[in-house]
Structure formats: C-alpha cells, structure tokens
Amino acid sequence: MTSATPENSGITYASAGVDVEAGDRAVELMKGAIKATHNSNVIGGVGGFAGLYDASKFLSYKKPLLATSTDGVGTKVAIAQAMDIHHTIGHDLVGMVVDDIVVVGAEPLFMTDYIACGKVVPERIADIVRGIAEGCQIAGTALVGGETAEHPGLLGEHEYDVAGAATGIVEADGLLGPDRVKDGDVIIGMAASGIHSNGYSLVRSVVAHAGWALDRHVPEFGRTLGEELLEPTRIYTMDCLDLIRAFNVDGAIKVHGFSHVTGGGLAANLARVLPQGLMATVERNSWALPAVFKVISELGSVPQPDLERTLNLGVGMVAIVDASIADAALSRLNARGMNSWVMGTVGAVTEEAKTSGLDYVQGAKGVDGGAVLMRGNFAG
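Quick look at the structure, then.

1. Re the overall build of the protein
So, step 1. Scanning the protein from terminus to terminus reveals 12 helices and 15 strands.
So, step 2. Relative to a compact globule of 380 residues, whose C-alpha radius of gyration would be 21 Å, the protein shows 23 Å and is just as compact.
So, step 3. Its C-alpha atoms give the protein principal-axis dimensions of roughly 85 × 55 × 40 Å.
So, step 4. With 380 residues in all, the protein has 49% of them scored as buried.
So, step 5. Distance between charge centroids for the protein: 5 Å, based on 27 positive and 44 negative side chains.

Structure representation (structure tokens):
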C-alpha cells in the first residue's frame, strides 16, 4: 500500500472539483435577497432542509386547489454565460414558472430553485439567485428554498443551468380554463418585453449563421445584440391577479382564462385554453412586430409560419374576458403600465377557417383544445 505523502496525499472532494466552502460563501451572499421575498407565512430562515410555508390561510377556502408548475430557462443561459451577466436570468426563470400557475386563476405562493454548475463561483451563484428573488418579489411569491449542485466533469467551469418549481392556490369555484370560455369573448393581448425564454435555439442559430457578435450594436435595438437577447422575461402574475380580483367577484366570473405564450408560439398556446368547437380569431394587424423579431426573421430568412410556431412575436400573455368588461379590463391593464390591446374574439369554428392552411391551428401540445385562426398581416 502506498503511503500518503505531500505529493500523494489522497483524493479529496476539493481535488475532485467540488468546493464546499465556495457553496457556503454563495449562500451567505444570497441570504439577503432571499429573505426579502419572505412574508409572515414563511417559517424559518435560509438554509433549512425544507422550506416551510404556513398553510393556515387555506382554512378560509371552501375548496382550495393547489396548482404547481416547474420549468427552466432553456438555452438563453448560453447568452448570459457568454456575456458574463447573471443577475437577469432569474427573472426569466420566475416568469416561466409562476405565469403558468396564474393562468388557471391561482395565486403563486412559494417557489424553490435548482442551479447545476460546473464550478461554484459564489458571486455568480449569488447573482443568479438575486435575480430569482427579484422576480419572486415582482410576482408576490416567496422564495423558500433551493439547491446549488457542483457537477465538475459534467458541466464546464463556466457553465450552469437553472430550474424552478412553484406552488399556488385557487378556490375551486374560481378555477379558470376552457370550460369558462364562450362564444363572444374578447381576447386581450399583453405586450412581451422581448423574446422572453423560448426559441433561443432558433435565435442562436440565426445569429451564428450571420456571424454577428453579441457586442455588436444594432441600430434597430438602440443597444447591443447581447443586451437585447438578454432582456428579462416580463412577469404578468400581479396584472392577471388584479383582473381576477377586480372582475371575478360575488360568484360572477368575467375573466374566463389566460394563455401564457411560451414554447409553441401564440396560436398553439391560445388553443390550449379554448374548448372544442370554439375558435379564436386573432387579428395580426392589431399590433406591430417588435424590432427583435423583424431582425431575426430577416437575418435568418426565417419563414413566418416558423416564427409564429417558435417565438411570442411580441405577445407574452393573453386574457380572455367577457365582452361586457373588455373595455374596463383593457383600461385597468394599461393604467398599471401593461401595454395591452384587443387582438381578437372567440366564436364558432367556420368551414372557411378550416381551409386557411398554416393560419389555422386546431388543438396543440396533445391538448384537446379549440382552434385559432391568425388573420391578416402584422401592422407596420
């Protein structure tokens, strides 16, 4: 047996590539940001084995339903890593998770995160978590726990990926979805802040093909390409909850549903929240394509159908409301600073629509939903 010497002192966790002390430093750096998301319902501090949330408020519900969602940010993290900017990617993570919960009318209560990295750099991990915490504050959601895992040999030294999960609550008789949507409903679009967090494999492919560098200044953006691509995902939770609290009162449900426009684009996601037999007619001329989508389209000669199946094209969230409150809902959203507009209506499926080819979508993502007809050309 070979004895341990200074040259042969045995294999340690640190020599295998895992720095426990760096992980501890990262926790210390992120504590303040996490605590800022906590309210009186969060039990205990940072660092426990499990996050605890006081469920006493559930007692006031007649039939509480828990809603849960999990997601990541996808290959947008490659942009953050290339630019060495890590404090915004957390907004993307929170938006992808909590806005899937609010779609059913639920209030997101708490969230946990998971970060896998090749090497723990405390400041970088703290930046990521700070962004997650900021996103949680925007959504009114407590960040109650998380995990950072160092995976040397699996991920490169500067590589990481993020994921998160959240839980929300909704009263059973306030649940939103396809069963609420009816003929004559009005569709309201809410503006996206940019590409958000879907379609970056297409976007990165276009940029690479064109040979554009991330530090290239793009006149149409008024900033660099990298800054535009890293624009954080807009978080719609509080805007949607505000509509619900304003118009779904005393047993009258006037806000019938929402569609979070993520992977698959506007038509596919809108079809998921429509009942069979009904069709949403969306007027493309009700909004203009933001510059980033025009540039990507032209730079990569990307066909419009592919753009629409991949990117949000400027619409991050859709509200489906009773026609009687459409004007009031629109005014309320815009008063909150949410750029919104009427983009279409819900009606019966027509035979003419069925022959509209790629403009017509029937169902999506394995869901037996309704149909969507994208009509006309984009404004501008």
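2. Topic: the side chain of Ser69
So, step 1. Mapped onto the secondary structure, Ser69 falls in strand β3 (residues 64-72).
So, step 2. Each residue touching Ser69, except ones within four places of it in the same chain, is listed here: Val97, Asp100, Ile101, Gly164, Ala165 and Ala166.

3. A few points about the pattern of salt bridges
So, step 1. Inspection of the entire model under this criterion finds 18 salt bridges.
So, step 2. For Glu107, the salt bridge is made with Arg245, and the minimal N-O distance between the two is 3.9 Å. Note that Glu107 is positioned in strand β4 (residues 107-117) and Arg245 in helix α7 (residues 237-247), a separation of 138 residues in sequence.
So, step 3. What you see here is one network of salt bridges that share partners, running through Asp239, Asp242, Arg332 and Arg336.

4. Looking at the environment of Asp173
So, step 1. Mapping Asp173 onto the fold places it in the loop between β6 (160-171) and β7 (186-191).
So, step 2. The class of Asp173 is partly exposed, set by a relative accessible area of 45%.
So, step 3. When the C-alpha positions of Asp173 and Leu66 are compared, they lie 13 Å apart, and in sequence the two are 107 residues distant.
So, step 4. Setting aside chain neighbours within four positions, we find Asp173 in contact with Lys62, Arg180 and Ile253.

5. A short note on the sheet that holds β3
Sheets are built from strands that pair by backbone hydrogen bonding, the pairs being arranged parallel or antiparallel.
So, step 1. Taken in spatial order, the four strands make up an open sheet running β3-β6-β4-β5, and their pairing is mixed. Every interior strand has two partners, whereas the edge strands, β3 and β5 (142-150), have only one. Neighbouring strand axes in the sheet, compared pairwise and without regard to direction, differ in orientation by 15 degrees on average.
So, step 2. Bridge analysis of β3 against β6 gives nine bridges, and the strand direction is antiparallel. Residue pairing for β6: Leu66 is matched across the bridge by Ile169.
So, step 3. Its contacts with the sheet place helix α4 (residues 122-139) against β4, β5 and β6, and it is angled at close to 165 degrees to β4.

6. A look at helix α11 (residues 326-335)
So, step 1. Inspection of α11 places Ala326, Ala329, Leu330 and Leu333 among the buried residues, and these make up the whole buried set. Buried residues of α11, viewed axially, fall in a sector of 100 degrees; they line one side. Pointing more than 90 degrees away from the buried face of α11 are the exposed residues Asp327 and Ala335.
So, step 2. Here the buried face of α11 lies against β7, α7, β12 (315-321) and β13 (340-348).

7. Things to note about the nonpolar core
For soluble globular proteins, nonpolar side chains are generally found buried alongside one another.
So, step 1. Membership of the largest hydrophobic core comes to 100 residues, with the highest contact counts inside it found for Met190, Phe258 and Leu270.
So, step 2. The contacts of Leu270, once residues within four sequence positions are left out, are Ile187, Ser259, Ala280, Val282, Val318, Ile320 and Val372.

8. A word on the pairing of β4
So, step 1. One ladder, built from 10 bridges, connects β4 with β6; its direction is antiparallel. Along β6, the bridge assignment pairs Met111 with Ala166.
So, step 2. Where β4 meets β5, eight bridges bridge the pair, whose relative direction is parallel. The residue bridging Thr112 from the neighbouring strand is Gly145, located in β5.
So, step 3. Tracing the backbone out of β4, into α4 and back to the parallel element β5 gives a crossover that is right-handed.

9. What about unusual backbone geometry?
So, step 1. Phi is positive for Asp84, close to 55 degrees, though the residue is something other than glycine.
So, step 2. Even without glycine at this site, Leu313 takes up a positive phi of about 55 degrees.
So, step 3. You can see Leu313 is positioned in the loop between α10 (304-310) and β12.

10. Some details on the environment of Val94
So, step 1. Along the chain, Val94 falls in helix α3 (residues 89-102).
So, step 2. Sequence separation between Val94 and Leu59 is 35 residues, and the spatial gap between their C-alpha atoms is 27 Å.
So, step 3. Those residues in contact with Val94 that sit more than four places away from it in its chain are Asp99, Met111, Ile132, Gly135, Cys136, Ala139 and Ile235.

11. Let's talk about the pairing of β13
Along a regular strand, successive side chains alternate from one face of the sheet to the other.
So, step 1. Relative to β13, β7 runs antiparallel, the two sharing five bridges. Residue pairing across strands places Ile187 opposite Gly344, the latter belonging to β13.
So, step 2. Here strand β11 (residues 278-283) runs beside β13; their pairing, made up of five bridges, is antiparallel. Looking at the pairing, Met279 lines up with Gly347 of β13.

Cut-offs applied
Residues numbered from 1 in each chain as written. Predicted model: local features only at pLDDT ≥ 70, side-chain atom pairs only at ≥ 80, totals over all residues. Heavy atoms only, no water. Helix = DSSP H or I, 4+ residues; strand = E, 2+ residues; numbered from the N terminus. Rg over C-alpha atoms; globule rule 2.2 N^0.38 Å. Buried < 20%, exposed > 50% of the residue type's maximum accessible area, 1.4 Å probe, protein only. Lys, Arg positive; Asp, Glu negative; His and termini not counted. Charge placed at Lys NZ, Arg CZ, Asp CG, Glu CD. Contact = heavy atoms within 4.5 Å. Salt bridge = Lys/Arg side-chain N within 4 Å of Asp/Glu carboxyl O. Pairing = 2+ DSSP bridges. Axes fitted to C-alpha atoms, helices over the stretch in contact; angles between N-to-C directions. Arc of directions from axis to C-beta. Core = buried A, V, L, I, M, F, W, Y, C linked by side-chain atoms within 4.5 Å. Right-handed = clockwise from strand over helix to strand, strands pointing away.

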